[in-house]
Amino acid sequence: MTTIDTSQPTRKPLSASDFLAIDLGLSEDERLIRDTVRYFVRRDMLERLPEAYAAGRLPDGFPAAAGDLGLLGMHLRGYGCAGTNAVSYGLACMELEAGDSGLRSFVSVQGSLAMFAIWRFGSESQKQMWLPVMARGSAIGCFGLTEPDAGSDPAGMRTTARFEDGQWVLNGTKMWITNGDIADVAVVWARDSDCIRGFVVPRGTPGFVSREIQHKMSLRASTTGELVFDNCRLPAEALLPGAEGLRAPLACLNEARFGIAWGAVGAARACYETALDYAASRTQFGSPIAGFQLTQAKLVDMLTQVNNSYLLAMHLGRLKDAGQLHPEQVSYGKRHNVQQALDVCRTARTILGANGITLEYPVMRHMANLESVLTYEGTGEIHTLIVGHAITGIPAFR
Ligand code: TGC
Ligand code: FAD
């Protein structure tokens, strides 16, 4: 007689989005964080994003709302930060970027770049002064590494720091700095006579001005600025005492690149889901376009790209939580997931036809955003070279 094994859990129905049921591997806490951020983005942000994008600014109130939700510096411990695991931080990035890359960018720069730099390399008094207010979103931070003539090659920076009469004197220009024009505090990297060092520069310091970069066609729901230092004098305590050499800012980039590998999955998923819905309701030649084989092939390719990228992000997150993640693996993830997301967005755009080019649907907005995401935090080419170096042992940057 055959017996039925009733101890097997009931199989969950197939999802058209999380097709591989990757979510089954989430802990209860991770799921709760994911659902909270997803709900926040859908309820409070989605409708406002096209307008904010058109106006070229972050949705009003986003920094404080992100602070209230505990998203700012959420993977850091102490000083008012939530202290979540890496997977939870990744899930939050994914849900934010399903809204807009600008939301995830804000959270990346605040938490993974500006706060992380202070948390990892700062003095106790710098941490006490800045981290709790930044975690609440009542002080905004930025991270100034790139310069007009030093982008992919930050070792070529020209901004200088001179120690004179007990003070640091900064001179130089930082370019393309997310939140640069609205930040209350800038973490700035400059070269002294020995090496590259980091400084904490409050807004309003004499000799420091910032201005917004206008007319961006990408990442418009995010503000980008230029920072100019003209004999900007800082007290000795403005130095990040633990940061010495280029490895310090690069360590911050590892954190933010990890979040981008996740965020790109969110943007891709949003475009895939939009295309799937659209294809089901749009009729041509007497049939929904979802019924055409060519459209189904596109949808299945997109589904595969979204699920494979999500699996990769999850794997990197589990490695990070186990203390096993290498920077080169982060490069692999950022490179792959951003490339795939761009491809998904472009395919989704074709399914929406002419409607795909409007702000009424999120596809073109995501596509334009991802052009910045492909370039910042290390271009696709630079991440190719980082992985190429790792597997061949031969650096090919110079
Ligand atoms: P290289 O000689 O390889 O390294 C210098 C020192 O740094 C160490 N190192 C790292 N440390 C931690 N994490 C990493 N990922 C590291 N990579 C290298 C290295 O071991 C060495 O240490 P030491 O002790 O021997 O001195 O440096 P290189 O000059 O040859 O450059 C290497 C390269 C090209 C990979 C690097 O410069 C690079 O990653 N370039 C890309 C620049 C970039 O990503 N910029 C991003 C700016 S911030 C931004 O875009 C924010 S946008 C955010 C948003 O809005 O979301
Ligand atoms: P370049 O370095 O001049 O590169 C131009 C092209 O040459 C790219 O295709 C690049 O891949 C290629 N290239 C360069 N070197 C090589 C090589 N060795 N081999 C092959 N190809 C190569 N920076 C910050 O510090 N803080 C921020 O908050 C920040 N926010 C940003 C926000 C936005 C919206 C954007 C667009 C950029 C932001 N950046 C920020 C700057 C960003 O990190 C740089 O744009 C990026 O590092 C690339 O530098 P670049 O634009 O000068 O390009």
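Further up the page is the structure itself.
Note that this is a predicted model, so its numbers are computed, not measured.

Scoring rules and cut-offs
- Residues numbered from 1 in each chain as written.
- Chains lettered and ligands numbered in written order.
- Predicted model: local features only at pLDDT ≥ 70, side-chain atom pairs only at ≥ 80, totals over all residues.
- Heavy atoms only, no water.
- Axes fitted to C-alpha atoms, helices over the stretch in contact; angles between N-to-C directions.
- Helix = DSSP H or I, 4+ residues; strand = E, 2+ residues; numbered from the N terminus.
- Parallel < 35°, antiparallel > 145°, perpendicular 65-115°, else oblique.
- Contact = heavy atoms within 4.5 Å.
- Nonpolar A, V, L, I, M, F, W, Y, C, P; charged D, E, K, R; others polar.
- Patch = residues over 30% accessible without salt bridge, like charges linked within 9 Å, V, L, I, M, F, W, Y side chains within 5 Å.
- Areas by Shrake-Rupley, 256 points an atom, 1.4 Å probe, with all protein chains shown as cover.
- Salt bridge = Lys/Arg side-chain N within 4 Å of Asp/Glu carboxyl O.
- Buried < 20%, exposed > 50% of the residue type's maximum accessible area, 1.4 Å probe, protein only.
- Near = heavy atom within 4 Å.
- Polar contact = N/O pair within 3.5 Å; in protein donor to acceptor, adjacent residues only side chain to side chain.
- 1 Å grid on protein atoms, 1.4 Å probe; cavity = no way out; pocket = protein on both sides within 12 Å on 5 of 7 lines; lining within 4 Å.
- Sits in = over half its atoms within 2 Å of the grid points.
- Pairing = 2+ DSSP bridges.
- Expected span 1.5 Å × (residues − 1).
- Left-handed = near helix turned anticlockwise from the far one by under 90°.

Take the packing of helix 4 (residues 86–99) against helix 8 (residues 293–321) next. Contact geometry for helix 4 and helix 8: axes closest at 8 Å, N-to-C directions at 150 degrees. One element, helix 4, and the other, helix 8, form an angle in the roughly antiparallel class. Together, Ala86, Val87, Leu91 and Met94 of helix 4 and Tyr310, Met314, Gly317, Arg318, Lys320 and Asp321 of helix 8 make up the contact between the two elements. In the contact of helix 4 with helix 8, the residues fall into 6 nonpolar, 1 polar and 3 charged.

Taken together, the side chains of Leu14, Phe19, Leu20 and Leu311 present a nonpolar region at the surface, about 400 Å² in accessible area. Assignment of secondary structure puts Leu20 in the segment before helix 1 (28–45). For Leu20, a relative accessible area of 46% corresponds to the partly exposed category.

Right, let's talk about the side chain of Thr295 for a bit. Structurally, Thr295 can be placed in helix 8. With sequence-adjacent residues up to four places away left out, Thr295 is seen in contact with Ala279, Ile289, Ala290 and Ile351.

The next thing to look at is the site of ligand 2. Near ligand 2, the surroundings consist of 17 residues, among which Thr146, Ser152, Trp176, Thr379 and Glu381 are the closest. A distance of 2.9 Å separates a nitrogen atom of ligand 2 from a polar backbone atom of Phe143. Between ligand 2 and the protein, one listed contact pairs a nitrogen atom with a side-chain N or O atom of Thr146 at 2.7 Å. Against a free-state accessible area of 970 Å², the protein chains account for coverage of 67% of ligand 2. Here ligand 2 is seated within the largest pocket. Elements represented by at least two residues in the shell around ligand 2 include exactly strand 5 (167–178), helix 10 (363–375) and helix 11 (380–392).

Residues Gly141 and Phe143 point to one face of strand 3 (residues 141–144) and Cys142 and Gly144 to the other, with burial holding for every one of them. The sheet contact formed by strand 3 and strand 6 (residues 185–191) spans 4 bridges and is parallel. Looking at the pairing, Phe143 lines up with Val187 of strand 6.

Because the α-helix completes a turn every 3.6 residues, residues three or four places apart line up on one side. Taking 1.5 Å of rise per residue, 35 residues should cover 51 Å, and helix 7 (residues 247–281) covers 52 Å from first to last C-alpha, within 8% of that figure. Counting buried positions along helix 7 gives 27 out of 35 residues, so the element sits mostly inside the fold.

Running from amino to carboxyl end, helix 9 (residues 327–351) crosses helix 11 at an angle of 140 degrees, the nearest separation of the two axes being 9 Å. One element, helix 9, and the other, helix 11, form an angle in the oblique class. Between helix 9 and helix 11 lies a crossing whose hand is left-handed. Residues Glu328, Ser331, Tyr332, Lys334 and Arg335 of helix 9 form the contact with helix 11, whose participating residues are Gly380, His383, Thr384, Ile386, Val387 and Ala390. In the contact of helix 9 with helix 11, the residues fall into 4 nonpolar, 4 polar and 3 charged.

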